[in-house]
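Each chain, letter by letter, is given below.
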Amino acid sequence: MTYKEVIENARTCMGPYCKACPECNGRACGNTMPGPGSKGMGDTAIRNFDAWRKVRVNMDTIHAGFTPDTSFDFFGYRMKYPIFAGPVGAVNLHYGDKMNDLQYNDILVKGCADAGIAAFTGDGTNPDVMKAACKAIANAGGKAIPTVKPWDVETLKEKFALVQESGSFAVAMDVDAAGLPFLQNLNPPAGSKSVEELSGIIKDAAKPFIVKGVMTVKGAMKAKEAGAKAIVVSNHGGRVLDQCPATAEVLPEIAEAVGKDLMILVDGGIRSGVDVFKALALGADAVIIARPFVTAVYGGAEEGVGVYTEKLGAELIDTMKMCGAESLKAIDKTMVRVF
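Quantities reported herein were computed from a predicted structural model and do not represent experimental measurements.

A closer look at the pattern of salt bridges
Within the structure shown, the criterion is met by 13 salt bridges. Between Glu310 and Lys80 there is a salt bridge, and its shortest N-O distance comes to 3.0 Å. Highlighted residues: Glu310 in helix 11 (residues 291-323) and Lys80 in the loop between strand 3 (77-79) and strand 4 (83-85), separated in sequence by 230 residues. A salt bridge links Asp267 to Lys212, with the shortest nitrogen-to-oxygen separation between them at 3.8 Å. Placement of Asp267 in the loop between strand 10 (263-266) and helix 10 (273-281) and of Lys212 in strand 8 (residues 209-214) is noted, with a sequence separation of 55 residues between them.

Structure representation (structure tokens):
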């Protein structure tokens, strides 16, 4: 199966909101929610994508030949590429009723593990979603990261018990999900967390903790203070707050502030191996890609995930060769130019 075939297959079973576009740039879906679009005017998802286009790579081929080392160590798991599939919830609502969250996470986790990377799994208002995700992670030898919503303390205790059973090497919380429309006024409640509350949650989790949804230096410092081991520079794909800056625009300053203390991941509009290279050059340790992995699952199940992963990996390797970076650590800001 080729990536083109994956996209073509996805178009037969996705919708009506997602169009399985050849280039997932947020324009065709606009502000559609339900759907893969973003909140309000719908411009933040588009801005995320466009911002990476404003970063150009500096070609340098005057160097000895080498085979790039793309391996990445993440809390004891050695990955083939510094690439994660992002957490996605309510896939049947947003992407099409071919599958539900339970089926989706099962395919995604296995597909990513087989491809040598890892998936972040989603959470939802249905308790069975987290149960099934953690079961899929356990079946994959713990090679994935469950992502919990910012629920109340009692609900989180139940979620963390499942996380422990999964054997995952880390756990994440998308604190920015407090802004998701469907999480408002729920029982159990979900919402923003203070540094003190987050600190208690991180202790209860008893695993390396990743705070997803950081968009400022101040937020990164708060996550560090609370005890996080990693952060994800993310605006939730534009789905929680309209008129946000792009993740690429704030990544360098956040990396400068906390990059020596925290592992930094970034998401938002990253669509190619060249984009992965750009993100690492701007200070990230790895990237998260969400929407295109949904297309890969719908269009080719585990094989589709593998095809898309290898496409990204091949593009990353080619860029590293053409820019003179022998390893991920050799990628630095001198290898890109921001306009």
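And the narrative resumes.
Some points on the packing of aromatic side chains
Working definition: an aromatic ring pair is given by the centre-to-centre distance plus the angle between the planes. Counting across every chain of the model gives nine aromatic pairs. A centroid spacing of 5.3 Å and a plane angle of 35 degrees characterise the contact between Tyr77 and Phe169, whose relative ring orientation is tilted. Separated by 92 residues along the polypeptide, Tyr77 in strand 3 and Phe169 in the loop between helix 6 (153-166) and strand 7 (171-174) bring together distant segments of the chain. You can call Phe169 buried: its relative accessible area is 15%. Through a chain of ring-to-ring contacts, three or more aromatic side chains come together here, namely Phe72, Phe74, Phe75, Tyr77, Phe84, Phe120 and Phe169. Sitting above the plane of the Phe49 ring, Arg53 keeps its charged end 4.2 Å from the centroid. The cationic tip of Lys311 hangs over the ring face of Tyr3; the distance from NZ or CZ to the ring centre is 5.2 Å.

Observations concerning the packing of helix 7 (residues 195-205) against helix 8 (residues 217-226)
Angle between the axes and distance between the axes are the two parameters that describe a pair of packed helices. Running from N to C, helix 7 and helix 8 point in directions that differ by 45 degrees, and their axes come no closer than 8 Å. In this view, helix 7 runs oblique relative to helix 8, as classed from their interaxial angle. Judged by the twist between their axes, the crossing of helix 7 over helix 8 is right-handed. Mapping the contact onto sequence places Val195, Leu198, Ser199 and Ile202 in helix 7 and Lys222, Glu225 and Ala226 in helix 8. The residue makeup of the contact of helix 7 with helix 8, split by class, is four nonpolar, one polar and two charged.

Structural notes on the nonpolar core
General note: in soluble globular proteins, nonpolar side chains tend to be found buried as a group. Phe74, Phe84, Ile145, Phe209, Ile231 and Phe293 are the most contacted members of the largest nonpolar core, which has 106 residues in total. With residues near it in sequence (within four places) discarded, Phe74 still touches Met79, Phe84, Ile145, Phe169, Ile210, Met263 and Leu265. With six residues, the next largest nonpolar core counts Ala113, Ile137, Ala140 and Ala144 among its residues.

The rules behind these values
Residues numbered from 1 in each chain as written. Predicted model: local features only at pLDDT ≥ 70, side-chain atom pairs only at ≥ 80, totals over all residues. Heavy atoms only, no water. Salt bridge = Lys/Arg side-chain N within 4 Å of Asp/Glu carboxyl O. Helix = DSSP H or I, 4+ residues; strand = E, 2+ residues; numbered from the N terminus. Phe/Tyr/Trp six-rings, centres within 6.5 Å; stacked < 30°, edge-to-face > 60°. Buried < 20%, exposed > 50% of the residue type's maximum accessible area, 1.4 Å probe, protein only. Lys NZ or Arg CZ within 6 Å of the ring centre and 35° of its normal. Axes fitted to C-alpha atoms, helices over the stretch in contact; angles between N-to-C directions. Parallel < 35°, antiparallel > 145°, perpendicular 65-115°, else oblique. Left-handed = near helix turned anticlockwise from the far one by under 90°. Contact = heavy atoms within 4.5 Å. Nonpolar A, V, L, I, M, F, W, Y, C, P; charged D, E, K, R; others polar. Core = buried A, V, L, I, M, F, W, Y, C linked by side-chain atoms within 4.5 Å.

Nothing here speaks to function; it is all geometry.
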